[in-house]
Amino acid sequence: MTEIADNLSALQTRIQKAAFAAGRDLESIQLLAVSKTFGVEKILACQAAGQLAFGENYVQEALLKIQTLQDPRLQWHFLGPIQSNKTRLIAEHFDWVHSLEREKIAQRLNEARSPNASPLNICIEVNMSGEASKSGVKPQDAFALADYISRLPRLLLRGLMCIPEPTQDTALRAQRFSELRQLQQALIARGHPLDTLSMGMSDDLEEAITEGSTLVRIGRALFGARPTHPNQ
Ligand SMILES: *Cc1c(COP(=O)(O)O)cnc(C)c1O
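Presented here is an overview of the structure given in this document. All values reported here derive from a predicted model rather than from experimental measurement. (Residues numbered from 1 in each chain as written. Predicted model: local features only at pLDDT ≥ 70, side-chain atom pairs only at ≥ 80, totals over all residues. Heavy atoms only, no water.)

1. Section: the packing of aromatic side chains
A full pass over the atoms with the stated rule returns three aromatic pairs. Centroid distance Phe54 to Trp76: 5.8 Å. Interplanar angle 35 degrees. Geometry classified as tilted. Within this pair, whereas Phe54 is found in strand S2 (residues 53-56), its partner Trp76 is found in strand S3 (residues 75-78), the two being separated by 22 residues in sequence. Residue Phe54 is classed as buried on the basis of its relative accessible area of 0%. Taking relative accessible area as the criterion, Trp76 reaches 4% and is therefore assigned buried. (Phe/Tyr/Trp six-rings, centres within 6.5 Å; stacked < 30°, edge-to-face > 60°. Helix = DSSP H or I, 4+ residues; strand = E, 2+ residues; numbered from the N terminus. Buried < 20%, exposed > 50% of the residue type's maximum accessible area, 1.4 Å probe, protein only.)

2. Focus: the pattern of salt bridges
Enumeration over the complete set of coordinates arrives at eleven salt bridges. The closest approach of N and O atoms between Lys65 and Glu56, which form a salt bridge, is 2.9 Å. In terms of burial, Lys65 and Glu56 fall into one category: buried. The closest approach of N and O atoms between Arg88 and Glu92, which form a salt bridge, is 3.7 Å. Taken together, the positions of Arg88 and Glu92, both in helix H4 (residues 87-93) and four residues apart, correspond to about one turn of that helix. In this structure, a network of salt bridges that share partners links the residues Glu56, Glu61 and Lys65. (Salt bridge = Lys/Arg side-chain N within 4 Å of Asp/Glu carboxyl O.)

3. Some remarks on the layout of surface pockets
Size it by volume and the largest pocket reaches roughly 630 Å³. If you go around the largest pocket, you meet 27 residues; those closest to its centre are Lys36, Ile163, Met201, Arg217 and Arg226. Considering only residue class, the lining of the largest pocket consists of nine nonpolar, seven polar and eleven charged. (1 Å grid on protein atoms, 1.4 Å probe; cavity = no way out; pocket = protein on both sides within 12 Å on 5 of 7 lines; lining within 4 Å. Points joined across faces, edges and corners; volume = space filled by probe spheres on them. Nonpolar A, V, L, I, M, F, W, Y, C, P; charged D, E, K, R; others polar.)

4. Observations regarding the state of the cysteines
Taken as a whole, this structure holds zero disulfides when the rule is applied. Cysteine Cys162 is unpaired, with the sulfur of Cys123 as its nearest cysteine sulfur at 11 Å. Cys162 gets classed as buried once you look at its relative accessible area, which sits at 1%. (Disulfide = S-S within 2.5 Å.)

Encoded structure:
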């Protein structure tokens, strides 16, 4: 498990270099450890190395881990597609949702979020490539969804998230990230005080940081290759 600590410090070096090259403040970039498909022992090893924010894609799998670990210092981010019948569990157990793309789901998360908890932090997932098979709203539809979310008192709209289409074309990926940042600027100009750009994964975090990412979501570069996952 010292391997995870080594991977974490190598990642921190990558983030530092990219931030430095882009002339950005290191403090403005957060690392999210994406622990989907990996067991609690790996999360604990990562936590022992100082990491507190973890991302998960599958509700049942995440709940097992959250309830096993029962550690209020840990912060949980939901990244996967959201089914209506899972909104209560997500609102009760997570701190962040990065994959919001429908008003109906926003409304249900808002209703289920306890008034005693801090508001649920939200990123709208945007489909930057226009591929029909991909999740996320079209860029032009982010405005109406942002307006809707900002009227819900138990949700706090923080920013935008995207997953570019798989490609070796680094210029194309950089363009997607840059377009997401431009969309964030347009939303800020409309009065939404967004402070988060959730973009960049194991293979493209440098490009994402160059283009303004404030949160990189890292799985494989931290935990190793993912075991194939049973459908949930
Ligand atoms: C799995 C996943 C990641 C992590 O991807 P890696 O390539 O393993 O770094 C990041 N974001 C989302 C939304 C994911 O589903």
